[in-house]
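Each chain, written out:
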Amino acid sequence: MFERLEAILERYEKINEMMADPAIVTDIKKLTELSKEQRGLEETVNVYTEYKEIAASIEDLKEMAKDSDPEISEMAEMELEELKPRLPQLEERLEILLIPKDPNDEKNVIVEIRGAAGGDEANIFASDLYRMYTKYAEVKGWKIQVMNVDYSESGGMSQVEFMISGESVYSHMKYESGAHRVQRVPATESQGRIHTSTATVLVMPEAEDVDIEVSMNDIRVDTFCSSGPGGQSVNTTKSAVRLTHVPTGIVVSCQDGKSQHENKANALKVLKARIYDSILQERLEAEGEERRSKIGTGERSEKIRTYNYPQNRVTDHRIGFTIQQLDRVMEGKLEPVVEALITEEQKRKLAAQD
């Protein structure tokens, strides 16, 4: 472990030197890559530096504890008692930090929510999930940008696509992809029967130009009038945009922007994210064994979570985690669920390394 940590420290110092090189400062692409790598190593370097400092202090204090002066010896013993427990804590933290990171963890995400089984109630649940994620983004200090919405006639959203940008968004949101199930009494249910409905969530890391290259020559652009709930036209100019990536057949529409230019730019972001996501899924299929240790990248149709309103319960089926705080979760207090998922994935990866 310590050989790896020394290699990381050496690489971190090398990156700092390279970023001060005038030839690299003017190379924006190279500078961006180095800055990203530097950020990825920073926490490990800081914790390892603290570990080395405490280890050195402990050695010095051991020598002081042998001093013939009782006061100096006693003071050293007291400080040793305080410092010794810190080393195993830092070692445990370093083991977790040395787990190979998902290269997408620092990225922004594009999220798609669709009403699935359950008709009108599924669309209402889809809008509830959208609200939950916007509240969660507020808690985390992230920003939300709606890119496309299809409202249903009876209320709710049949589909919504939005971007969440901020610090390490994908590392927290990647666990949300899959089928979400709700159990509750719909407002239209006169006899108080509990209905079960589902909505699907797809979380895709934002694709950067360094990740993939998409040629505009491969994209067909169509424009049309944007529409509101029930298909009614809300604008007579062709500001809505549909992009079709001919090689893959991936189609993206966007109509929530104020202009055709804005909608085209937003649609292109979603299109790139979809293409990048399809590449990631192919890689995961090839990885096989490694995929089984990951929680946030299972089958997209997999039922991952149940929201039971009568019992005020949220259950994540992938790790058997249950919390009786559905009301808080729906207000964006999603952190206990996400933390449980992160902890479980870390355990699985540590076990895979042994």
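What you see is a predicted model, and the numbers here were worked out from it, not measured in a lab. (Residues numbered from 1 in each chain as written. Predicted model: local features only at pLDDT ≥ 70, side-chain atom pairs only at ≥ 80, totals over all residues. Heavy atoms only, no water.)

Notes on the sheet that holds strand β9 (residues 303-308)
Phase 1: Read from one edge of the open sheet, 8 strands run β2-β3-β1-β5-β4-β9-β10-β11, paired in mixed fashion. Every other strand in the sheet has two partners, leaving β2 (143-151) and β11 (321-323) as the edge strands with one partner each. Each adjacent strand pair in this sheet contributes to an overall mean axis angle of 15°, direction not counted.
Phase 2: Both β9 and strand β10 (residues 313-316) contribute to a ladder of 4 bridges, which runs antiparallel. Residue pairing for β10: Asn308 is matched across the bridge by Arg313.
Phase 3: Contacts between helix α6 (residues 120-140) and the sheet are confined to β1 (109-115), β2, β3 (157-165), β4 (178-184), β5 (195-205) and β9, with β5 contributing the most and set at about 45° to the helix. (Pairing = 2+ DSSP bridges. Helix = DSSP H or I, 4+ residues; strand = E, 2+ residues; numbered from the N terminus. Axes fitted to C-alpha atoms, helices over the stretch in contact; angles between N-to-C directions. Contact = heavy atoms within 4.5 Å.)

Some thoughts on the side chain of Arg318
Phase 1: Structurally, the position occupied by Arg318 is in the loop between β10 and β11.
Phase 2: Within the local environment of Arg318, its side chain forms a polar contact with the backbone oxygen of Tyr175, the two atoms lying 2.7 Å apart.
Phase 3: In this structure the side chain of Arg318 is engaged in a polar contact, spanning 2.7 Å, whose partner is the side chain of Asp316. (Polar contact = N/O pair within 3.5 Å; in protein donor to acceptor, adjacent residues only side chain to side chain.)

Remarks on the pairing of β10
Phase 1: Of the two faces of β10, the one lined by Arg313 and Thr315 and the one lined by Val314 and Asp316 are each fully buried.
Phase 2: What sits between the antiparallel neighbours β9 and β10 is a turn of 4 residues, in which Asn312 has the positive phi angle 50°.
Phase 3: In this structure, β10 lies alongside β11, joined through 3 bridges in antiparallel fashion. Counted as the bridge partner of Asp316 is Phe321 from β11.
Phase 4: Connecting the antiparallel pair β10 and β11 is a turn made up of 4 residues, with Gly320 showing a positive phi of about 65°. (Buried < 20%, exposed > 50% of the residue type's maximum accessible area, 1.4 Å probe, protein only.)

Comments concerning helix α3 (residues 28-64)
Phase 1: Helix length check: α3, at 37 residues, gives a terminal C-alpha distance of 52 Å against a target of 54 Å (1.5 Å per residue), a fit within 8%.
Phase 2: The largest bend along α3 measures about 40° and falls at Leu41.
Phase 3: Along α3, the positions that sit buried rather than exposed are Leu34, Ser35, Gln38, Leu41, Thr44, Val45, Val47, Tyr48, Tyr51, Ile54, Ile58 and Leu61.
Phase 4: Buried residues in α3 make contact with α1 (2-19), α2 (22-25), α4 (70-83) and α5 (86-97). (Expected span 1.5 Å × (residues − 1). Bend = angle between axes of the 7 residues up to and from the residue.)

As for the side chain of Asp105
Phase 1: Its place among the elements puts Asp105 in the loop between α5 and β1.
Phase 2: Once you skip the residues sitting within four places of it in the chain, Asp105 turns out to touch Ser168, Val169, Tyr170, Ser171 and Lys174.

A word on the pattern of salt bridges
Charged atoms that come close allow side chains of opposite charge to pair.
Phase 1: Considering all chains together, one arrives at 20 salt bridges under this definition.
Phase 2: With a shortest N-O distance of 3.2 Å, Arg348 and Glu344 are connected by a salt bridge. Of this pair, Arg348 and Glu344 both sit in helix α11 (residues 335-353), 4 residues apart, which is roughly one turn of that helix.
Phase 3: Among the residues examined, Arg348 registers a relative accessible area of 26% and is labelled partly exposed. (Salt bridge = Lys/Arg side-chain N within 4 Å of Asp/Glu carboxyl O.)

By themselves, these are just geometric observations and shouldn't be taken as functional.
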